[in-house]
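Chains, contacts and geometry: an overview
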Amino acid sequence: MTALPLVFDAPRRGMPPRHLADLTAAERAEAVVALGEKPFRAKQLSHHYFARLTADPERMTDIPAASRARLAQELMPPLLTEVRALDCDGGSTRKTLWRAHDGTLLESVLMRYPDRATLCISSQAGCGMACPFCATGQGGLERNLSTAEIVDQVRSAAAVMRDGLMPGPDGTPTPGRLSNIVFMGMGEPLANYRRVVAAVRRITEPAPEGLGIAQRSVTVSTVGLAPAIRRLADERMQVRLAVSLHTPDDELRDTLVPVNNRWPVAEVLAAARYYADVSGRRVSIEYALIRDMNDQPWRADLLARLLREHLGHLVHVNVIPLNPTPGSKWDASPKPVEREFVRRVNAGGVACTVRDTRGQEIAAACGQLAAEA
Ligand code: SF4
C-alpha cells in the first residue's frame, strides 16, 4: 500500500481579501465597528447581500456614500467575475465559468427542474484527489476557495432564479427559487473543511444572516475522508452526505479513488454509518458506472451486501453513467449492463436508481468540470 502525497490544505497564496460572507453575523458587526461605523451597518450590508442578493455597493443607497465606499472596500471586495455562461438542455442547464481575483478559474452549474432548481458548486479550484476518470482531478489542486467564494456562487444563482433569467418548465423564463445546493463541482469539499462548513452555515442561515436555503436541501459530497465525515456529523447539521464509492472492493478502489489507500471501504462506510446515525438522514452512495471496470454483476451483489451490513436502510445508491472526458479511455457501461447492475443492487435489498445526467454537451456533467478559459 502506498502512502499518497495528499494535499489537504493548499497554500494561502491567492486567497481573496476578507469579505462579508466570510464572517458570522457577530464578526460582521465587530468588523463594521472596527472601521468606525455603527454596528447596524452590518445588518444593512447583510440585508443587501444575503436578502437582496446584490454584491454591488453602488446599489446600497440607504448607506451614506462615504460609509459605503469604506465598507465596500473593506468588506465587499469583488470576488468572482463571470467569464462566460453556456446553456444546454433547452436553457434549463447553465454552466458558468468564474474568474477569481487572482485569475483562478472555477465553475458552477445551475439546473432547473419542474419542481426545483439545483446549483452544483465548487469548493476548490482543481482537486488534489487524482481520481483518474475525472477531468477536474487531472489538473491537480490549484487552491482552496474561500468561504465567500463558495457562498457567492450561490448568491449569483439565487439572483438568476429570482430574476427569471432561466427558462421554467414550459420553456419561458419565469421567476423561481434556488432550492437545492450540491457540493459536487470542482474539488473535495471535506479537504477544505473549515471554509466549506462556514459556507454551509452562511448558505442555510435565514436571511438576512444567510441565504436561507434549508439545510436538508444541501448535499456535501466526498470521496471518503473518513475522519472528516465523522467531524461533519458532529457539527449536527441536517445536510445530506453523499459518498462517491464507485466500487465496493478495495483492490479496484485503490486505483479509481486513490484516497482509498488511506481510508479503505470499510472505514468509509463505518464513518457514513456514524453520519447517518447522528443526522438521522439516509446517506447517498454515488457510483459512476464504467464499462468493464466496475459494472460486473458480482460487484453489484457485493455492493448491496456491504451497504446492507454497514448502513441497513439508511442508504440510497445513485448510479451515474460515466460522463466522457477528453482523451479518457473510460466510457459509460452499455444500458443493459447498467439495468442489470441496478436490478441486482435493488434485489440485494438496497434502494438504487440511475441519476439523470444533465449538461453533457457543455461539459458540465459530473467529473467534467475542468475550468478551461
Ligand atoms: S472525482 Fe471528485 S474527488 Fe475525484 S478528482 Fe474529481 S473532483 Fe476530485
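Residues numbered from 1 in each chain as written. Predicted model: local features only at pLDDT ≥ 70, side-chain atom pairs only at ≥ 80, totals over all residues. Heavy atoms only, no water.

Turning next to unusual backbone geometry. Put simply, Ala207 and Pro208 share a cis peptide bond, and its omega is 5°. Among the structural elements, Pro208 can be located in the loop between helix H6 (193-204) and strand S8 (218-222). Of note in the backbone geometry, Asp89 takes a positive phi value of approximately 50° without being a glycine. For Asp89, the location among the structural elements is in the loop between strand S1 (80-88) and strand S2 (93-100). Under the relative-accessibility criterion, Asp89 is labelled partly exposed at 33%. (Helix = DSSP H or I, 4+ residues; strand = E, 2+ residues; numbered from the N terminus. Buried < 20%, exposed > 50% of the residue type's maximum accessible area, 1.4 Å probe, protein only.)

If you trace the 10 strands from one edge of the open sheet to the other, you get S1-S2-S3-S4-S7-S8-S9-S10-S11-S12, paired in mixed fashion. Lying at the two open borders of the sheet, with one neighbouring strand each, are S1 and strand S12 (351-354). This sheet shows a mean twist of 20° between the axes of neighbouring strands, independent of strand direction. Bridging between S2 and strand S3 (residues 105-112) involves 7 bridges; their strand directions are antiparallel. Residue pairing in the sheet places Thr93 in a bridge with Met111 of S3. Relative to the sheet, helix H9 (residues 265-279) contacts strand S9 (240-244) and strand S10 (283-289), its axis offset from that of S9 by approximately 170°. (Pairing = 2+ DSSP bridges. Axes fitted to C-alpha atoms, helices over the stretch in contact; angles between N-to-C directions. Contact = heavy atoms within 4.5 Å.)

Here the focus is the environment of Arg339. Within the fold, Arg339 resides in helix H11 (residues 335-347). According to the relative accessible area criterion, Arg339 is exposed, its value standing at 54%. The spatial distance from the C-alpha of Arg339 to the C-alpha of Val354 is 8.8 Å, given a sequence separation of 15 residues.

It is worth spelling out the nonpolar core at this point. Of all hydrophobic cores here, the largest spans 107 residues; its most connected members are Leu178, Ile181, Phe183 and Val317. Here this core takes 9 residues from helix H5 (residues 147-162), the largest share from any one element. Taken domain by domain, this core gets at least three of its residues from each of domain 1 (20-75) and domain 2 (80-372). With near-sequence residues (within four places) excluded, Leu178 lies in contact with Leu110, Ala117, Thr118, Leu119, Val154, Ala157, Ala158, Met161 and Ile213. (Core = buried A, V, L, I, M, F, W, Y, C linked by side-chain atoms within 4.5 Å. Domains from an automatic or database assignment.)

Let's shift gears to the site of the ligand. Every residue close to the ligand is listed here: Cys127, Met129, Ala130, Cys131, Cys134, Thr136, Gly137, Gly187 and Val223. Class assignment of the residues belonging to the shell around the ligand gives a composition of 6 nonpolar, 3 polar and no charged. (Near = heavy atom within 4 Å. Nonpolar A, V, L, I, M, F, W, Y, C, P; charged D, E, K, R; others polar.)

For the rest of this paragraph, the subject is the pairing of S2. Among the 8 residues of S2, 7 are classified as buried, and the element is accordingly described as predominantly covered. In this structure, S1 lies alongside S2, joined through 8 bridges in antiparallel fashion. Across the sheet, residue Cys88 finds its bridge partner in S2, namely Thr93. The antiparallel hairpin formed by S1 and S2 contains 4 residues in its connecting segment, where Asp89 sits at a positive phi of about 50°. The hairpin turn running from S2 into S3, its antiparallel successor, is 4 residues long, and Gly103 in that turn takes a positive phi close to 90°.

It is worth spelling out the domain arrangement of the protein chain at this point. Per the domain assignment, the segments making up the protein chain are domain 1 (20-75) and domain 2 (80-372). A separation of 33 Å is found between the C-alpha centroids of domain 1 and domain 2. Contacts between domain 1 and domain 2 engage 16 residues on the former and 15 residues on the latter. For the pair domain 1 and domain 2, the two sides together bury roughly 1,200 Å², of which 55% comes from carbon and sulfur. When residues of domain 1 are sorted by the area they lose upon contact with domain 2, Asp22, Phe50 and Leu53 head the list and together hold 46% of the total. (Buried area = accessible area lost by both parts, 1.4 Å probe.)

Now for H11. Taking 1.5 Å of rise per residue, 13 residues should cover 18 Å, and H11 covers 18 Å from first to last C-alpha, within 8% of that figure. Glu338, Phe341, Val342 and Val345 are the residues of H11 that are buried. Angularly, the buried residues of H11 cover 95° about the axis, an arc narrow enough to put them on a single face. Turned more than 90 degrees off the buried face of H11, the exposed positions are Pro336, Arg339 and Ala347. Buried residues belonging to H11 abut S10, helix H10 (297-311), strand S11 (315-321) and S12. Backbone geometry just downstream of H11 places Gly349 in the positive-phi region, at approximately 95°. (Expected span 1.5 Å × (residues − 1). Arc of directions from axis to C-beta.)

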